[in-house]
Amino acid sequence: MASGLLLVISGPSGAGKGTICKKLIETNPQIKVSVSATTRKARDGEIDGVNYFFLEKEKFKDMLSKDEFLEYATVYDNYYGTPKNYVLENLKNGNDVLLEIDIEGALQIKEKFPQGVFVFILPPSMEELKSRIVGRGTETKEDIDKRFGSALEEIKQVIKYDYAVVNDELTRAKNDIEAIIRAERCKVIRAYEDIQTRF
Ligand code: ADP
Ligand code: 5GP
């Protein structure tokens, strides 16, 4: 069976990654979303095991020592990591898997899975980014400053990705990602095994 597509999405905080991913899976239920582990505290409305696995630092370090993460990084002073088994099992079973992770983690994934599809989400402007982070209303002023302060440096890393999607209009941005997925599925390198079995 052909392996599923590993779709990795990154971008600065507030660009709209979470919003786009949520919309994407509403209409593409075949995409499996990896739930990350984190040591940050849950925000209002976030559910353990759904948005993240919210872990104490000790537990995170224990999983790390047992090599249970595909990648991990320290982002805005907290640990975040992708549990290995879920991703590997789903890819093996031919399912597409979506990772919404930071740049450092994405580059670790690129080393291990060069065949992954790496998409960077950009805000339409820095002004709009600021107003989205503030408007989301989920962080303290200190956390907002930390996130906004890292955004320009993060955006410079876009060159390491395969695709850049500007999230100005949400539906268009989602459509762009669907188009990327469709085009990636048609790549000869992915389809070749299947073609050989048919002809
Ligand atoms: P990220 O996951 O990249 O940190 P979010 O998905 O949390 O960003 O989005 C940040 C804020 O911007 C949220 O309040 C969200 O509703 C809003 N937002 C996302 N996409 C758009 C868009 N295309 N137009 C306007 N607001 C948006
Ligand atoms: P937030 O705290 O806003 O949910 O996420 C903060 C940052 O951590 C975002 O850039 C998000 O993409 C990243 N992130 C979420 N999960 C993971 C993960 O498993 N690994 C890595 N490396 N980054 C993650």
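Owing to the predicted nature of the structure, the values given are computational and were not obtained by experimental measurement.

A. Here's a closer look at the site of ligand 1. Not every one of the 13 residues close to ligand 1 is listed here, only the nearest: G14, K17, G18, T19 and R136. Take G14: an N or O atom from its main chain is 2.8 Å from an oxygen atom of ligand 1. For ligand 1, an oxygen atom lies 2.9 Å from a polar atom in the backbone of G16. Here ligand 1 has 570 Å² of accessible area as a free molecule, and 73% of this is covered by the chains. Among the detected pockets, ligand 1 sits in the largest pocket. For the shell around ligand 1, the secondary-structure elements that each account for two or more residues are α1 (17-27) and α5 (126-136).

B. Spotlight on the site of ligand 2. If you check the shell around ligand 2, you find 17 residues, and the closest are S36, R40, Y52, Y80 and D102. E71 is positioned such that a nitrogen or oxygen atom in its side chain is 2.7 Å from a nitrogen atom of ligand 2. A distance of 3.1 Å is found between an oxygen atom of ligand 2 and a backbone nitrogen or oxygen belonging to G81. When ligand 2 sits alone it has 520 Å² of accessible area, and the protein chains cover 94% of it. When atoms are counted within 2 Å of each cavity's grid points, the one that captures over half of ligand 2 is the largest pocket. For the shell around ligand 2, the secondary-structure elements that each account for two or more residues are β5 (69-75) and β6 (78-83). Looking at the shell around ligand 2 residue by residue, the classes come out as six nonpolar, four polar and seven charged.

C. A look at the nonpolar core. L7, I9, V119, I121, V165 and I177 are the most contacted members of the largest nonpolar core, which totals 21 residues. When residues of this core are traced back to their parent elements, those giving at least two are β1 (6-10), α1, β8 (117-122), α5, α6 (141-155) and α7 (170-185). The element best represented in this core is α7, accounting for four residues. Beyond its immediate chain neighbours, meaning those up to four positions away, V119 contacts L7, V8, I9, S10, Y161, Y163, V165 and I180. With 17 residues, the next largest nonpolar core counts L70, L91, V97 and F118 among its residues.

D. How the structure looks around a nonpolar patch on the surface. On the surface, a nonpolar cluster with roughly 480 Å² of combined accessible area is contributed by V188, Y192, I195 and F199. Tracing the backbone through its elements, the reader meets V188 in helix α8 (residues 188-198).

E. Seen up close, the sheet that holds strand β3 (residues 37-38). With mixed pairing, four strands are arranged side by side in an open sheet as β4-β3-β6-β5. The open sheet has two edge strands, β4 (53-54) and β5, and neither has a second partner. The pairing of β5 with β6 spans six bridges and is antiparallel. Paired with F69 across the bridge in β6 is P83. Across the face of the sheet, helix α3 (residues 84-92) comes into contact with β5 and β6 while running at roughly 30 degrees to β6.

Thresholds applied
- Residues numbered from 1 in each chain as written.
- Chains lettered and ligands numbered in written order.
- Predicted model: local features only at pLDDT ≥ 70, side-chain atom pairs only at ≥ 80, totals over all residues.
- Heavy atoms only, no water.
- Near = heavy atom within 4 Å.
- Polar contact = N/O pair within 3.5 Å; in protein donor to acceptor, adjacent residues only side chain to side chain.
- Areas by Shrake-Rupley, 256 points an atom, 1.4 Å probe, with all protein chains shown as cover.
- 1 Å grid on protein atoms, 1.4 Å probe; cavity = no way out; pocket = protein on both sides within 12 Å on 5 of 7 lines; lining within 4 Å.
- Sits in = over half its atoms within 2 Å of the grid points.
- Helix = DSSP H or I, 4+ residues; strand = E, 2+ residues; numbered from the N terminus.
- Nonpolar A, V, L, I, M, F, W, Y, C, P; charged D, E, K, R; others polar.
- Core = buried A, V, L, I, M, F, W, Y, C linked by side-chain atoms within 4.5 Å.
- Buried < 20%, exposed > 50% of the residue type's maximum accessible area, 1.4 Å probe, protein only.
- Contact = heavy atoms within 4.5 Å.
- Patch = residues over 30% accessible without salt bridge, like charges linked within 9 Å, V, L, I, M, F, W, Y side chains within 5 Å.
- Salt bridge = Lys/Arg side-chain N within 4 Å of Asp/Glu carboxyl O.
- Pairing = 2+ DSSP bridges.
- Axes fitted to C-alpha atoms, helices over the stretch in contact; angles between N-to-C directions.

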